[in-house]
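# Commentary on secondary and tertiary structure
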Amino acid sequence: MKKQTLILGNGPCAVAVAENLLTVGSKIIIATKDDVGGFIGYADSEDLQILTETRLVSCQGSVGNFRIEATQNNKSVTIDAGRIIIAEEDQRTSNFSRYGLKASSNVIPLSRMKILLNDTSPEESVLSEIKKVIFLTGIVKESTPVIANEVMESSLLLQKEFNIQTYILTKNLKVAGDGLESLYRETKNAGTIYIKFTDSLPGIYQEEDTIRIEFVDEITSRNFRLTPDMTVVDETIVASPYLTDLTKIFHIEADADGFVQADNVHRYPVLTNRKGIMVTGPSRGILTDDDQRIDAENAALAVTGLAEEEMETKLEKAEIHSEKCIQCLNCYHLCPHHAITLNERVEVEPDACEGCGICTANCLGGAIRIKNLNLQAILHQIKTGDVAQAEQTFTPLLVAFCCSRSAVQARELALCMGHELPLGLKVIQVPCAGAISYDHIFAVLKNGADGIMLLTCHKGNCHSERGNIFAGQVVKLIKGIFSIIGFEKERLSIQTLASNMGTEFSWITNRFEKTIAALGPSRLMKNQWPENQRRPNMKGNTG
Amino acid sequence: MGDKNVLVIGGGTAGLSAAVELANLGVHVELIEKSKFLGGHAIGYTCKAIENTCVKCGACMVEEKLQSAVFHPNINVLAASQVQNISQNNRFSANIRQESLVIDPEKCTNCGLCLNRCPMEGAILQGFSKNNHPFYAVNIKKCLYFKDRSCTICRDECPETAIDLDKKASEHTIEADAVLIAIGFQPFNPKDKPYGYGRFNNVVTGLDLERMLKQSGRVKKPSDNKLPQKIAFIQCVGSRDAKLNHLWCSKVCCGSALRMARLIKERQPKTEIAFFYMDVQTFGKDFEPFYREAQKDIRMIRAIPGDIYEMDDRRLKINFVNNSTHETKEEIVDLVVLSVGITPVEDIGTMSRIFKIGPDESGFLRTDHNGVFTAGTVQGPMSIPETIANSGSVAWKIKKYIDGLTIDD
């Protein structure tokens, strides 16, 4: 039985998500912290329910079975949902302070100008008195195509409908959007004058009701002074503060600007670090109306797609052996997918678990198991004798723990491309380098490895968000231990790769082989080998 | 479920992404690709991570989509294939011609011996991804056997007997409930620009540089395979160009060029880089700090050069007008990278005829009517992440259409 989808928001993007889901017969519930907004005219039905003035408080459960507590006019409500789509509107802040300006009747933000232009009676509009308008955009900080579009459209209307001379002062004109270069040409033809700054900035002076802008024009090298009747200041599009609450409630990642969704290509366009929670349009970044519509469709697709695959998956899942669990809660705090729940016991939500293994590596009780990360199974893959030793040269046994999504793929590409890889290279595929613990590294060393590499994803490209960072921390600590006990710390290395880096995979592994060959065989091994089988210790010989 | 069939024309980022989404919904997809390798232009793009940090170019996403597509049980791939004609009578019926693949994918082990032994440069082509299988293909335009039957070395030496030079082209008929046109873009050909592309060896395009970096990890001068000391990037070649009537920004070149420039600075720190531009476009969420760092290492010059000459020592002299002084200035470099724009692909003409839909005023193609859809850069410039989002949205529209949920106006 398919559960309803919860949509958060009341703007055009939320409406687009709802429309798409209703078309395919999905049941939806809309919760907005404000009024009905764009859902005006929608009536509650069997498939649709709208909760206004409703703010979320908490969320339990996982994909397919979310239980959300919310408050509506100080009363608590409970919402059950199979999926959640965040579609909250963004907000705008005016950039007056960037230009050293204060708002006044003739210094207005871009949104205000848009309202003035939508005025139904141009003759009575305050704009009828005006001859000269200046737009300031992207001068101190870079702008976006969304804002550039609004500036140019406003300017065009002022030129054409109001016969007002317009100036657009900017640094880099952001035309990387559909139709914006044409619009730029159109505004120029209509009479808008563009003044672009590269290294210099204009002097902007506000005295009572007059604005004076002075600058050296970069094209003509002449000094100019402009005294506009009205100055329009651009705006910065920012994330809704409500999103901060939602990231905490849902345990989802946000970017540096507070938009929900970590800046990670694997989440594009609408996914989050939690299965079953999607984020669209103005909740995930600064997007055009068209891109918001595209997001709404992708969210609908993700809801339907998840329903189709319904819990069927081949992934190895984490299992907690409760008799060993000491309730340190590392798993709960570190799971990037929030797949660990706390009831009477600590449990894994199998539907939400992505099998990255970060929990196993950090479990103090050794209570969490994932089949393919079993230490014995891994050690079984490493046998010192596997590396054939030539008479005079030393071929080091190099064990590379490789992320299945990046380094494993990169190695296969390297082989396709015909790159030579170290003879003694053993690749151990792991779901995420974050699954590698001290146990793995020391056991592999003990089992005969001369050098160990963790080959993981680049920062910001990890499917498990921070698995690569955790791996880096493990490596750093073990290297610290090596320094204390006087073991060569060069024998352990962490490097980042992407799936399409075949050439770089061969560079990294061959360079490591050189380093280890120069160090000679691991001392840990010397005493374990019978005299007649001992490998040649050709210190400095790279073979 | 499972009884609906969609024909996807084009196996680049858009075609692959849409195919995977449809296939995940239980729709059967026939994916045809004109070239011998799937992945489109973008499968040749390099990872541009610097300081061990992803810069969100999206190149690895194409690799991921390709992997998902080739192993998906609901997707059937025909490489080296083109639509001959299509009739629509409720459903679509398409005649497809598949060029001879020569190398049998069942037998080929990607050992690369054919490439090593081939006496004719360019006759054996190499793929870009491990999911390009076979990783090698015979280019019948260069192969001596196809010219005059004078050489059969690859066939004779292939240890797997995977090469059949006499293999014939084949015809296929595909029935489909909807058609997706995802034939991508044409990189602007800069040969008519006064930059010497095609004449001077050390003038390359941004796409050439992408592939060079993916292949060898370094940038080298094509003339002598040595590292260049000085590189110039020239932006907006074929974009934002009123003379060509190209009234669009290609959206992706600033990101691609600046990311590659920083990658080169990291790997070959002694390289000096100059960057000629009109307006730097915002790319990615972390644009502001990225651009700030870029400006420290890269000399930004706000001008579009007039022309380029090759000097006796093969270095390149770039002439441009300094904005503030109005003087003609010169810049002498070892390698020039032209950031060529995204332009409409020639096959849009064929598609327009077959499906009776006209391109827009810029020449790109956009439709979602009567079971014919477009996705990706055939619609206009898009980055890799934008293409993936666009393709997901189109997959959703196709799904609604084949389920009879779309009301056509």
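Predicted, not measured: the structure shown is a model, and the values here were computed from it.

### Notes on the overall build of chain A
Looking only at helices and strands, one finds 14 helices and 26 strands in chain A. For 543 residues, the compact-globule formula gives about 24 Å, and the C-alpha radius of gyration of chain A, at 30 Å, lies well above that figure. Out of the 543 residues belonging to chain A, those deemed buried represent 48%. A fraction of 69% describes how many contacts in chain A between residues 6 or more apart in sequence connect residues 24 or more apart.

### With respect to the overall build of chain B
Across its full length, chain B carries 10 helices and 21 strands. Scaling as 2.2 N^0.38, a compact globule of 409 residues should have a C-alpha radius of gyration of about 22 Å, and chain B matches this with 23 Å. Buried positions account for 51% of the 409 residues belonging to chain B. The contacts of chain B with a sequence gap of at least 6 include a subset with a gap of at least 24, amounting to 69%.

### Considerations on the domain arrangement of chain B
Residue and element names in this part refer to chain B. Each assigned domain of chain B is listed here: domain 1 (5-99 + 169-184 + 345-402) and domain 2 (187-341). Taken over C-alpha atoms, the centre of domain 1 sits 30 Å from the centre of domain 2. Across the boundary between the two partners, domain 1 contributes 14 residues, which contact 21 residues of domain 2. The residue inventory of the side of domain 1 that touches domain 2, partitioned by class, reads 6 nonpolar, 6 polar and 2 charged.

### Things to note about the interface of chain B and chain A
In this assembly, 55 residues from chain B lie in contact with 52 residues from chain A. If you list the elements that add at least two residues to the side of chain B that touches chain A, you get helix 1 (13-24), helix 2 (59-70), helix 6 (206-216), helix 8 (287-297) and helix 10 (384-402) of chain B. A total of 10 residues in the side of chain B that touches chain A trace back to one element, the largest contributor, which is helix 10 of chain B. Here the side of chain B that touches chain A is built from residues that sort into 21 nonpolar, 19 polar and 15 charged.

### Quick notes on the sheet that holds strand 5 (residues 65-72) of chain A
All names here are of chain A. Strand order in the open sheet made by the 3 strands is 4-5-6, with antiparallel pairing throughout. Strands at the two margins of the open sheet, each flanked by one partner only, are strand 4 (54-62) and strand 6 (75-81). This sheet shows a mean twist of 20 degrees between the axes of neighbouring strands, independent of strand direction. Of the pairings in the sheet, the one linking strand 4 to strand 5 comprises 8 bridges and is antiparallel in character. Across the sheet, the residue bridging to Leu-56 is Ala-70, located in strand 5.

### Regarding the sheet that holds strand 15 (residues 307-310) of chain B
Residue and element names in this part refer to chain B. Strand order in this open sheet of 3 strands is 15-16-17, and the pairing throughout is antiparallel. Among the strands making up the open sheet, the edge pair consists of strand 15 and strand 17 (328-333). Strand-to-strand, the axes of this sheet are offset by a mean angle of 25 degrees, without reference to chain direction. Where strand 15 and strand 16 (residues 316-321) come together, 4 bridges link them in antiparallel fashion. Its bridge partner lying in strand 16, Glu-310 is registered against Leu-316.

### Remarks on the domain arrangement of chain A
When the domains of chain A are assigned, the result is domain 1 (5-90 + 240-309), domain 2 (92-237), domain 3 (319-370) and domain 4 (374-533). Placing a centre on the C-alpha atoms of domain 2 of chain A and another on those of domain 4 of chain A gives a separation of 57 Å.

### A word on helix 5 (residues 242-250) of chain A
All names here are of chain A. Among all positions of helix 5, only Leu-243, Leu-246, Thr-247 and Phe-250 are buried. Along the axis of helix 5, the buried residues cluster in a sector spanning 100 degrees; they form a single face. Those residues of helix 5 that are buried lie in contact with strand 4, strand 7 (83-86) and strand 18 (277-279). Of the residues trailing helix 5, His-251 is marked for its positive phi of about 55 degrees.

### A look at unusual backbone geometry
Across the junction of Tyr268(A) and Pro269(A), the peptide omega takes the value -10 degrees, indicating a cis bond. Of note, the amide linkage connecting His133(B) to Pro134(B) takes the cis form, showing an omega dihedral of -5 degrees. Checked against the element boundaries, Pro134(B) lands in the loop between strand 6 (124-126) and strand 7 (136-138).

### Some words on the environment of Gly467(A)
Residue and element names in this part refer to chain A. By the element assignment, Gly-467 lies in helix 12 (residues 467-485). Residue class for Gly-467 comes out buried when judged on the 26 C-beta atoms lying within 10 Å of it. Note: C-alpha distance between Gly-467 and Ala-361 (106 residues apart in sequence) is 10 Å. Here Gly-467 is in contact with Cys-356, Ile-358, Cys-432, Ala-433, Gly-434 and Cys-462, once residues within four sequence places are set aside.

### A look at the packing of helix 2 (residues 110-118) of chain A against helix 3 (residues 145-161) of chain A
Describing two packed helices takes the angle between their axes plus the distance from one axis to the other. Residue and element names in this part refer to chain A. Contact pair helix 2 / helix 3: the axes reach a minimum separation of 10 Å and the direction vectors enclose 35 degrees. When you trace helix 2 past helix 3, the crossing you get is left-handed. Contacts between helix 2 and helix 3 involve Leu-110, Met-113, Lys-114 and Leu-117 on the former and, on the latter, Glu-150, Val-151, Ser-154 and Leu-157.

### So, the nonpolar core
Grouped together as the largest cluster of nonpolar side chains are 239 residues, with contacts concentrated most on Val17(A), Val6(B), Ala19(B), Leu180(B), Ile181(B) and Val336(B). Ranked by residues supplied to this core, first place goes to helix 10 of chain B with 9 residues. Ranked by size, the runner-up nonpolar core spans 37 residues in total, among them Met113(A), Leu136(A), Leu173(A) and Val232(A).

### Points about the confidence of the model for chain B
Confidence in the prediction of chain B, expressed as mean pLDDT, is 95, and 99% of residues score 70 or more. For this predicted complex, the interface score ipTM comes out at 0.96, while the overall pTM is 0.95.

### Focus: the pairing of strand 1 (residues 5-8) of chain A
All names here are of chain A. Neither face of strand 1 is exposed, since Thr-5 and Ile-7 on one face and Leu-6 and Leu-8 on the opposite face are all buried. In this fold, the crossover linking strand 1 to strand 2 (residues 28-31) by way of helix 1 (residues 12-23) has right-handed handedness. Bridge count for strand 1 against strand 7 is 4 bridges, and the pairing is parallel. Directly across from Thr-5, in strand 7, lies its bridge partner Arg-83.

Criteria and cut-off values
- Within every chain, residues take consecutive numbers counted from 1 along the sequence as written.
- Starting at A for chains and at 1 for ligands, labels are handed out in the order in which the entities are written.
- Only residues with pLDDT of at least 70 are given local features in this predicted model, and only at 80 or more are side-chain atom pairs given and counted; all residues enter the totals for whole chains, interfaces and linings.
- Each helix is a run of H or I in the DSSP string that is no shorter than four residues. Each strand is a run of E no shorter than two, and both are numbered from the N terminus.
- Every radius of gyration here is taken over C-alpha atoms, with the globule rule written as 2.2 Å times N^0.38, N being the number of residues.
- With C-beta atoms placed from the backbone, a residue is labelled by how many other C-beta atoms lie within 10 Å of its own: buried for 20 or more, exposed for 12 or fewer, partly exposed between the two.
- In this description, any two residues whose backbone-derived C-beta atoms lie within 7 Å of each other are considered to be in contact.
- What marks off one domain from the next here is an automatic or database domain assignment.
- Amino acids outside the nonpolar list (Ala, Val, Leu, Ile, Met, Phe, Trp, Tyr, Cys, Pro) and the charged list (Asp, Glu, Lys, Arg) are all regarded as polar, and Gly is one of them.
- Strands pair, by our definition, only if DSSP identifies at least two bridges between them.
- Angles shown run from 0 to 180 degrees and are taken between the N-to-C directions of axes, each axis being a line fitted to C-alpha atoms and, for helices, limited to the stretch in contact.
- Arc definition: directions from the helix axis to the C-beta atoms.
- Throughout, a crossing is termed right-handed when the near helix is turned clockwise from the far one, and left-handed when it is turned anticlockwise from it by less than a right angle.
- Under the definition applied here, buried Ala, Val, Leu, Ile, Met, Phe, Trp, Tyr and Cys residues are grouped into a nonpolar core through C-beta atoms within 7 Å.
- The predictor attaches a confidence to each residue, called pLDDT, with possible values from 0 through 100.
- Crossovers are marked right-handed if the path from the first strand over the helix to the second runs clockwise, as seen with the strands pointing away from the viewer.

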